[in-house]
Amino acid sequence: MSDDEQEQTIAEDLVVTKYKMGGDIANQALRLVVETAKPGVSVLSLCEKGDAYIMAETGKVFKKEKEMKKGIAFPTSVSVNNCVCHFSPLKSDPDYTLKDGDLVKIDLGVHVDGFIANVAHSFVVGASKENPVTGRKADVIKAAHLCAEAALRLVKPGNQNTQVTEAWNKIAQSFKCSPIEGMLSHQLKQHVIDGEKTIIQNPTDQQRKDHEKAEFEVHEVYAVDVLISTGEGKARDGGLRTTIYKRDPSKQYGLKMKTSRTFFSEVERRFDAMPFTLRAFEDEAKARLGVVECAKHELLQPFSVLHEKEGECVAQFKFTVLLMANGPHRITNGPFDPELYKSEHEVQDPELKTLLQSSASRKTQKKKKKKASKTAENATGQPTEDTEAAE
């Protein structure tokens, strides 16, 4: 996007429509992968299924606009138990087969014309109302889910990013869990998955000093990403192959190898600055070779596969929220069923309890408003000014 082009925001209806289309496809893709994730199913097959669904469905929208880019904004990743994020294996990599009791995190993203809808969800394989999850896995899923719910109520115009960070720390602690250190949630813009405003999780003292304080503003969009661990919350590169990368448009370098040049021009053409997986290349071996020089000279940024200590579990929830003039609007969300997770812990902080009990839906707020104005009308016999039209 050149500087003289006006940046498109959700102040425009068409932009909101594109976000919602991407959000609907992301939600459907997530549900499809969740429903397929049964014991004996391979992670590779789930990643392929999620990506294929996103490509097929985005191919059906805005068909007349031949030039419009759309598709995967984050490749389907399925990270299990102590694997924190970004596990999306190649056909030539060791695969993982799901089993009963695994804590599974599914992370994916969709874009329509560069407007990005990201979502992530956690669940335990084999959990049911008759066989609910208890113990540490229940603690960490409950903690992560409540952190996401708190953020939905805190990420709104006028609030600060630090308020979200503090709430997450308190909620995680009440479940004897820790947010993964230094993880960032980003503002989203057209074609940009890592916008400048961010929310940091569990910062170290140094990160706390360095991290930019920011205020949320109307017409911004955020991908709010919560990652909570039963352990200390330190994520390390466990040495597995990185398969997800994104181009860094600010970097220039003359690639020496022909394989690298061919590979890089395909990246530019097909993915622009969106994250992509090496699985998306017809010749996986050539892609594995071509990526090396590009990553070494920082033309591509890696999304490393991170792990918490063996034996710990990590839960993740991510949603995309549009800060509309009439209130925050969440466009992506997973199929969470609180009845499947029984924890002996709960949120202790009275302020946070009140926050979590407050309604996050704009409709209920409007109903309350209408009800209040109706009561006022009944009392005075006069219609009040601010009766809003229902959505």
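Per chain, the residues get numbers from 1 upward, laid out in the order the sequence is written. Thresholds applied to this predicted model are a pLDDT of at least 70 for local features of residues and 80 or more for the giving and counting of side-chain atom pairs; totals over whole chains, interfaces and linings are not thresholded and use all residues. Hydrogens are left out, water is left out, and the side-chain values use all remaining heavy atoms of the structure.

(A) How the structure looks around the packing of aromatic side chains. When the centres of two rings from Phe, Tyr and Trp lie within 6.5 Å, Trp using its six-membered ring, the rings pair. Their planes under 30 degrees apart give stacked, over 60 give edge-to-face, and anything left gives tilted. This model, assessed by the stated rule, comprises 10 aromatic pairs. With a centroid separation of 5.9 Å and an interplanar angle of 65 degrees, the aromatic rings of phenylalanine 276 and phenylalanine 281 are classed as edge-to-face. Owing to a relative accessible area of 1%, phenylalanine 276 belongs among the buried residues under this scheme. The buried label goes to any residue with under 20% of its type's maximum accessible area, the exposed label to any with over 50%, and the partly exposed label to all in between, with areas taken from a 1.4 Å probe on protein chains only. Given the relative accessible area of 6%, phenylalanine 281 is considered buried.

(B) Local environment of the pairing of strand β10 (residues 244-247). Going along the chain from the N terminus, every DSSP run of H or I of four or more residues is numbered as a helix, and every run of E of two or more is numbered as a strand. Side chains Ile244 and Lys246 project from β10 onto one buried face, and the interleaved Tyr245 and Arg247 project onto a second face that is buried too. Any two strands with at least two DSSP bridges between them are considered paired. With 2 bridges connecting them, β10 and strand β11 (residues 276-277) associate as antiparallel partners. Within β11, the position partnered with tyrosine 245 by the bridge is phenylalanine 276. Pairing of β10 with strand β12 (residues 300-303), which is carried by 4 bridges, proceeds in the antiparallel orientation. In the strand pairing of β12, isoleucine 244 is matched with phenylalanine 303.

(C) The sheet that holds strand β9 (residues 236-237), seen in detail. The 3 strands lie next to each other as β2-β13-β9, forming an open sheet whose pairing is antiparallel. Among the strands making up the open sheet, the edge pair consists of β2 (83-85) and β9. In terms of strand pairing, β9 meets strand β13 (residues 306-307) through 2 bridges, oriented antiparallel. Across the sheet, the residue bridging to aspartate 237 is leucine 306, located in β13.

(D) Here's a closer look at the pattern of salt bridges. Think of a salt bridge as a Lys or Arg side-chain nitrogen and an Asp or Glu carboxyl oxygen that are within 4 Å of each other. Summed over the entire model, instances satisfying the criterion amount to 25 salt bridges. Residue aspartate 51 is joined to arginine 279 by a salt bridge in which the shortest nitrogen-to-oxygen separation is 2.9 Å. With aspartate 51 in helix α2 (residues 43-58) and arginine 279 in the loop between β11 and α7 (284-296), this residue pair connects regions lying 228 residues apart in the sequence. Each member of the pair, aspartate 51 together with arginine 279, is buried. Note that glutamate 298 and lysine 251 form a salt bridge whose closest N and O atoms lie 3.9 Å from each other. Here glutamate 298, found in the loop between α7 and β12, pairs with lysine 251, found in the loop between β10 and α6 (258-271); they are 47 residues apart in sequence, far enough to count as distant. Residue glutamate 298 is classed as partly exposed on the basis of its relative accessible area, which comes to 47%.

(E) Here's a closer look at helix α4 (residues 161-174). By definition here, a helix of n residues has an expected span of 1.5 Å times n minus one. In this model α4 runs 21 Å from its N-terminal to its C-terminal C-alpha over 14 residues, within 8% of the 20 Å that 1.5 Å per residue would give. Looking only at α4, the buried set comprises Asn161, Val164, Thr165, Ala167, Trp168, Asn169, Ile171, Ala172 and Ser174. Note on α4: the residue one or two positions beyond its end, lysine 176, has a positive phi of about 55 degrees.

(F) The side chain of histidine 211, seen in detail. By secondary structure assignment, the location of histidine 211 is in the loop between α5 (205-210) and β8 (221-229). Reaching out from histidine 211, the side chain makes a polar contact with the side chain of threonine 198 at a distance of 2.6 Å. Among all residues touching histidine 211, those that are not within four sequence positions of it are Asn161, Leu184, Thr198, Ile199 and Ile200. Residues adjacent in sequence count toward polar contacts only when both atoms are side-chain atoms; beyond that, a polar contact is any pair of N or O atoms within 3.5 Å, and within protein one must be able to donate a hydrogen and the other to accept it. We call two residues contacting when some pair of their heavy atoms lies within 4.5 Å.

(G) Structural detail: helix α8 (residues 350-357). Among all positions in α8, only Leu352, Leu355 and Leu356 are buried. Each buried residue of α8 sits inside an arc of 95 degrees when the element is viewed along its axis, so together they form one side. Residues Pro350, Thr354 and Gln357 are exposed on α8 and point more than 90 degrees away from its buried face. Here the buried face of α8 lies against α3 (135-154) and α4. The residue sitting at the N-terminus of α8 and contributing the capping side-chain oxygen is aspartate 349; that oxygen lies 3.0 Å from the backbone nitrogen of glutamate 351. The directions considered for the arc are those from the helix axis to the C-beta atoms.

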